Structure formats: structure tokens, C-alpha cells
Amino acid sequence: MIWIFLGAPGAGKGTQAERLRGDFGFVQMSTGEMLREAMRAGTELGKTVQGYVTRGELVPDDLMAEILQQRLAQGNTGNGVILDGFPRTVRQAEMLEGILARHCWQLCGVVYLDVSEEIVLQRLGGRRNCPQCGANYHVVTMPPKVEGRCDRCGAELVVRPDDALEAIRKRLEVYRRQTEPLVNFYSQRGLLERIDAGGAVDEVYQAVKSVISRRWKRCLAGE
Ligand code: AP5
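Computed from a predicted model, the values in this text were never measured in an experiment.

Undergrad: Honestly, the nonpolar core in this entry has me stumped. Any pointers?
TA: Membership of the largest hydrophobic core comes to 61 residues, with the highest contact counts inside it found for L20, Y186, V208 and I212. Sorting elements by how many residues they give to this core places helix α9 (residues 201–220) first, with seven residues. Listed in part, the six residues of the second largest apolar core include C130, A135, Y137 and C150.

Right under this line is the structure:
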């Protein structure tokens, strides 16, 4: 069973997906984190995508679909998979339909985290990221226990290069132009669940959990 998390940069896709992982036994597949891992490891893929990611542009559709397909084919899909950051264009959504059909995987729902740009700027402006394990923090709303250090692995936290103001603006513009059309795409297919994601993390999580529980039952019943 597959879930898609859709929303602007900084909407909280990663934060909410991480929580669901623990409570529902889902596997989170963050395409952004896959690319950052490749960049950290200095692989060929990492070198190819570095410019796109740092500038806040999208990596080409065919390459992204190939990366996702390979990851899904590895198995280890737990009680279901959360796609965090894929698809991001209508073309990617169409390619995903093909991938799911070939493997007989079912798309259970699309959780759309809706936030204002003002909130996006506050969230991304204060985000700190662990370059070792990928964990995310926020200096005000989700600070680490020890300032500047990752709770999980102790590494020194950094600001993601694409969280520089210029890159954030570019990502928002790309989101509006290329990703937002997916709201209609999935709404027309009866798969979209819109959640007001402007509240506190716990508040948003309660809404996400209730949508997932309801849709999960329907999916298990084959509806
Ligand atoms: P990606 O890593 O997917 O970035 P993004 O979509 O821009 O999303 P973010 O990770 O910035 O935000 P998020 O919604 O996960 O928010 P988070 O939970 O961290 O992609 C990066 C790049 O990779 C792209 O720009 C592109 O170049 C490339 N890429 C990836 N996928 C691609 C694809 N499919 N096709 C082409 N290119 C692709 O939260 C943000 C902050 O807010 C955190 O500090 C958090 O602590 C805080 N926070 C979260 N929720 C709340 C809350 N409710 N209240 C207060 N604070 C909160």
C-alpha cells in the first residue's frame, strides 16, 4: 500500500511521515533524502543532482522515476510506503501510475499538507538538519536536546544549502508551477485528503493519523 505526502517545501511532510513510521510501521521514502545521501557519499548520482538540488530546481523526471522504481523494487516496504517528495510533476504522477500498476501496488491516498508561504518561510528559516542521519530539527519549534547536536547520532547540525533564502524562493516558485497542479490531479481521482498543516506538529499529526486510519481501513477492504 502506497501513500503520497504532498505539500510545499517546509509543509512538514518529513516531520509527519517520520511520526507515522513509528505508529503504523510504514516505510518512509524521501526522494530529497535519497538525493542528499548520494551527494554526501559523492556518488555519480550525487554529482549529477547536486546543482539542481542546491539551486532549488527539480531533478529531471526520468532520473527521479528510475531512482524511485529501484528503491521500491528492493522490497522492505513494511506495512506500507510513504512517498515523501514524489511525485512532484504531473509527468512523475503518470509514471508512478505505471510503476504501481506493474507491481500491483495500491495507492491508498494522497495527504496534502496545506500551509501558507509565511509559515513555510518561518519553518525553513529555522530548520537544522543532521548531515549524518538526515534527522530534522527547528531552532524554535523542534530544538535538539543539546544545542547544535543531533539527538540520534550526536553529529553537528547544519543548515541545508537549499534552505538559503534565494533557494527557498526558487523552490516555492517551482512548487507553485510544477507541483501544485497535482492537487487537482489527485482530487479528480478521489484520492486527495487536504489537511490544514499550519498548526503545531502534534495538532497536524492528529489530523494526519485520523485520515490515514480511515483510508487504511477502506484500502484493506479493497474499496
Ligand atoms: P525535499 O527534501 O523533498 O524538499 P522539500 O519538498 O522542499 O521538502 P522539505 O524537506 O524542505 O520540507 P518538508 O515538507 O519535509 O518539511 P519538514 O518536515 O522538514 O527535496 C529537496 C530537493 O530534492 C528538491 O528541491 C529537488 O531539487 C530534489 N527532489 C526531491 N524529490 C524530487 C522529485 N520527486 N523530483 C525532482 N526533484 C526532486 O519541516 C520543515 C521545518 O519545519 C523543520 O525544521 C521542522 O522541524 C519544522 N516543522 C515541521 N512541521 C511543523 C509544525 N507543524 N509546526 C512547527 N514547525 C514544524
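Undergrad: What's the story with the site of the ligand in this structure? I'm lost.
TA: Lining the immediate surroundings of the ligand are 35 residues, of which T15, E57, R88, R127 and R171 lie closest. Backbone polar atom of A11 to an oxygen atom of the ligand: 3.2 Å apart, as the coordinates give it. Contact between the ligand and T141: a nitrogen atom at 3.0 Å from a side-chain N or O atom of the residue. Residue assignment for the shell around the ligand shows that the elements contributing at least two residues are α1 (13–24), α2 (31–41), α6 (117–125) and β6 (136–138). Here the element with the most residues in the shell around the ligand is α2; it accounts for four residues. Of the residues belonging to the shell around the ligand, the class tally is 14 nonpolar, twelve polar and nine charged.

Undergrad: Looking at this structure, how should I read α9?
TA: An α-helix turns once per 3.6 residues; consequently, residues spaced three or four apart project the same way. The first and last C-alpha atoms of α9 sit 28 Å apart over 20 residues, in line with the 28 Å expected at 1.5 Å per residue. Listed in full, the buried residues belonging to α9 are V204, Y205, V208, V211, I212, R215, W216 and C219. For α9, the angular spread of buried residues about the axis comes to 135°, placing them on one side. Exposed side of α9, more than 90 degrees from the buried face: E203 and K217 are the residues found there. Summarising the contacts, the buried residues of α9 are in contact with β1 (2–7), α1, β4 (107–114) and β7 (192–196). Just past α9, the residue G222 takes up positive phi, approximately 75°.

Undergrad: Before we go on, may I ask you to explain unusual backbone geometry in this structure?
TA: Note: most peptide bonds trans; most residues except glycine with negative phi. The linkage connecting F86 with the following residue, P87, adopts the cis geometry, with an omega of 0°. Position of P87 relative to the elements: it lies in the loop between β3 (81–84) and α5 (90–103). Backbone geometry places N76, a non-glycine residue, at a positive phi of 50°. Along the chain, N76 falls in the loop between α4 (61–73) and β3. Of note, the phi angle at C104 is positive, near 55°, even though the residue is not glycine. Looking at where C104 falls in the secondary structure, it is placed in the loop between α5 and β4. The exposure class assigned to C104 is exposed, which follows from its relative accessible area of 72%.

Calculation rules
- Residues numbered from 1 in each chain as written.
- Predicted model: local features only at pLDDT ≥ 70, side-chain atom pairs only at ≥ 80, totals over all residues.
- Heavy atoms only, no water.
- Core = buried A, V, L, I, M, F, W, Y, C linked by side-chain atoms within 4.5 Å.
- Buried < 20%, exposed > 50% of the residue type's maximum accessible area, 1.4 Å probe, protein only.
- Helix = DSSP H or I, 4+ residues; strand = E, 2+ residues; numbered from the N terminus.
- Near = heavy atom within 4 Å.
- Polar contact = N/O pair within 3.5 Å; in protein donor to acceptor, adjacent residues only side chain to side chain.
- Nonpolar A, V, L, I, M, F, W, Y, C, P; charged D, E, K, R; others polar.
- Expected span 1.5 Å × (residues − 1).
- Arc of directions from axis to C-beta.
- Contact = heavy atoms within 4.5 Å.

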